[in-house]
Amino acid sequence: MVLIDLIICGAYITDPTYIHRAIKSAPIYPYKNRIIIFDGCNGVDPAGYEAYKQEVIKTYSGIFNLFVEYDNNLYFKEALYRQLKESTSTHAFVIQDDVRSPKIDLKRMMEKAPLDFGIISFPHKPIKQVGTHWFEPLESVSKPFYKSHGWSERVFLCNIPAIINACDSHRKPTKFIDTIYHQKRKIKGWNKIKSDYWNLWKVYITNNHIHEHLVGKRKKK
């Protein structure tokens, strides 16, 4: 059995029910670890955020074995990166706290997935071959998986060493991981480097599994 961690990435959100929907949507699988990450408070209502975290921890203390609370507001990329660096699993299934994962038979997906994948991203709508401003699909390798430039980090399956390596190659501060790929595709000379870039990230998308973005709003000053 492939060693997979389930990671729910949370922050202070205006609708506290969203994280429960995200958790309940997670694929059934004998995960090695079940982890909830709470990013640090961004300075808005620390007492309210603490109460929110404790309610979630109390609710899932018998289901999740690790709750990671950061003191500083790191944002998604850095918070997840630090947790992946600590993992002893080979893969992780990651869900943001305002996303409902598509229904996935994770065991079967691991059996059918391309052997070299770094990331399998599940978009919020089917991606046509012509692509979008965010996705640039390449050839189909073994349906339903398509190589892609660009991905969505809202919910994804990743090879942990591969994504750590990709992040290590781009240590400039950024709130999100998927924006690294998005910004790189805008540079002059992209066509000359995009093959090498795909070999670094090894991104695949599948239109067979579409996620639902609940569009949670973060607590702000």
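Structure report, in brief.

**A closer look at the pattern of salt bridges**
Where charged atoms of side chains with opposite charge meet at close range, the side chains can pair.
Link 1 in the chain: Counted according to the given criterion, the structure contains seven salt bridges.
Link 2 in the chain: Among the salt bridges present, the one from E78 reaches R82, with a minimum N-O distance of 3.1 Å. Of the two residues, E78 and R82 are both situated in helix 3 (residues 75-86); the distance of four residues between them amounts to about one turn of the helix.
Link 3 in the chain: A relative accessible area of 18% means that E78 is categorised as buried.
Link 4 in the chain: Using a relative accessible area of 39% as the deciding quantity, one classes R82 as partly exposed.
Link 5 in the chain: In this structure, R100 and E212 form a salt bridge, with 2.3 Å as the shortest nitrogen-oxygen distance. With a gap of 112 residues between them, R100 in strand 5 (residues 99-100) and E212 in strand 11 (residues 212-213) connect regions that are remote in the sequence.
Link 6 in the chain: For R100, a relative accessible area of 29% puts it in the partly exposed group.
Link 7 in the chain: Among the ionic contacts, a cluster of salt bridges with common partners joins E50, K53 and E69.

**Some words on the packing of helix 3 against helix 5 (residues 160-168)**
Link 1 in the chain: With their axes 10 Å apart at the nearest point, helix 3 and helix 5 run at an angle of 130 degrees to one another. Classified by the interaxial angle, the pair formed by helix 3 and helix 5 is oblique. Between helix 3 and helix 5 lies a crossing whose hand is left-handed. Residue-level inspection shows Y81, L84 and K85 of helix 3 in contact with helix 5, the latter providing I160, I163, I164, C167 and D168.
Link 2 in the chain: Each residue belonging to the contact of helix 3 with helix 5 can be placed in one class, and the counts come to six nonpolar, no polar and two charged.

**Here's the deal with the pairing of strand 10 (residues 203-206)**
Link 1 in the chain: Residues V203 and I205 of strand 10 are buried on one face, and the alternating residues Y204 and T206, pointing to the opposite face, are buried as well.
Link 2 in the chain: Bridge analysis of strand 6 (residues 119-121) against strand 10 gives three bridges, and the strand direction is parallel. By the bridge assignment, S121 is partnered in strand 10 with I205.

**Some remarks on the nonpolar core**
Taken as a class, soluble globular proteins show a tendency for nonpolar side chains to be buried jointly.
Link 1 in the chain: Judged by nonpolar contacts, the single largest core of 67 residues is most densely connected at L80, F93 and W201.
Link 2 in the chain: Those residues within four positions of L80 in sequence are excluded, and the remaining contacts are I7, C9, I37, V94, F156 and I177.

**Quick notes on helix 5**
Link 1 in the chain: Along helix 5, the residues classified as buried are I160, A162, I163, I164, A166 and C167.
Link 2 in the chain: Buried residues in helix 5 make contact with helix 3, strand 4 (91-96), strand 6, strand 9 (155-159) and helix 7 (190-201).
Link 3 in the chain: Where helix 5 begins, one side-chain oxygen reaches toward the backbone nitrogen of A162, 3.0 Å away; that side chain belongs to N159.

**With respect to the side chain of N33**
Link 1 in the chain: Residue position: N33 is located in strand 2 (residues 33-38).
Link 2 in the chain: With a relative accessible area of 19%, N33 lands in the buried category.
Link 3 in the chain: At a separation of 3.2 Å, a polar atom in the side chain of N33 contacts the side chain of D5.
Link 4 in the chain: Sequence-distant contacts of N33, that is, excluding residues within four places in its chain, are made with I4, D5, L6, N65 and S89.

**Some words on unusual backbone geometry**
Link 1 in the chain: Positive phi, normally seen in glycine, also occurs at Y75, with a value near 75 degrees.
Link 2 in the chain: Tracing the sequence through the fold places Y75 in helix 3.
Link 3 in the chain: On the accessibility criterion, Y75 (35% relative accessible area) is partly exposed.
Link 4 in the chain: Of note, the phi angle at K202 is positive, near 50 degrees, even though the residue is not glycine.
Link 5 in the chain: Along the chain, K202 falls in the loop between helix 7 and strand 10.

**Digging into the side chain of H170**
Link 1 in the chain: Summarising the element assignment, H170 is placed in the loop between helix 5 and helix 6 (178-184).
Link 2 in the chain: Residues in contact with H170, not counting those within four places in the same chain, are K77, I180, K184, Y197, L200 and W201.

**A few points about the layout of surface pockets**
Link 1 in the chain: Estimated volume of the largest pocket: approximately 920 Å³.
Link 2 in the chain: Sorting the residues of the lining of the largest pocket by element identifies strand 1 (4-10), helix 3 and helix 6 as the ones contributing at least two each.
Link 3 in the chain: The greatest single-element share of the lining of the largest pocket, amounting to four residues, is contributed by helix 3.

Conventions adopted
Residues numbered from 1 in each chain as written. Predicted model: local features only at pLDDT ≥ 70, side-chain atom pairs only at ≥ 80, totals over all residues. Heavy atoms only, no water. Salt bridge = Lys/Arg side-chain N within 4 Å of Asp/Glu carboxyl O. Helix = DSSP H or I, 4+ residues; strand = E, 2+ residues; numbered from the N terminus. Buried < 20%, exposed > 50% of the residue type's maximum accessible area, 1.4 Å probe, protein only. Axes fitted to C-alpha atoms, helices over the stretch in contact; angles between N-to-C directions. Parallel < 35°, antiparallel > 145°, perpendicular 65-115°, else oblique. Left-handed = near helix turned anticlockwise from the far one by under 90°. Contact = heavy atoms within 4.5 Å. Nonpolar A, V, L, I, M, F, W, Y, C, P; charged D, E, K, R; others polar. Pairing = 2+ DSSP bridges. Core = buried A, V, L, I, M, F, W, Y, C linked by side-chain atoms within 4.5 Å. Polar contact = N/O pair within 3.5 Å; in protein donor to acceptor, adjacent residues only side chain to side chain. 1 Å grid on protein atoms, 1.4 Å probe; cavity = no way out; pocket = protein on both sides within 12 Å on 5 of 7 lines; lining within 4 Å. Points joined across faces, edges and corners; volume = space filled by probe spheres on them.

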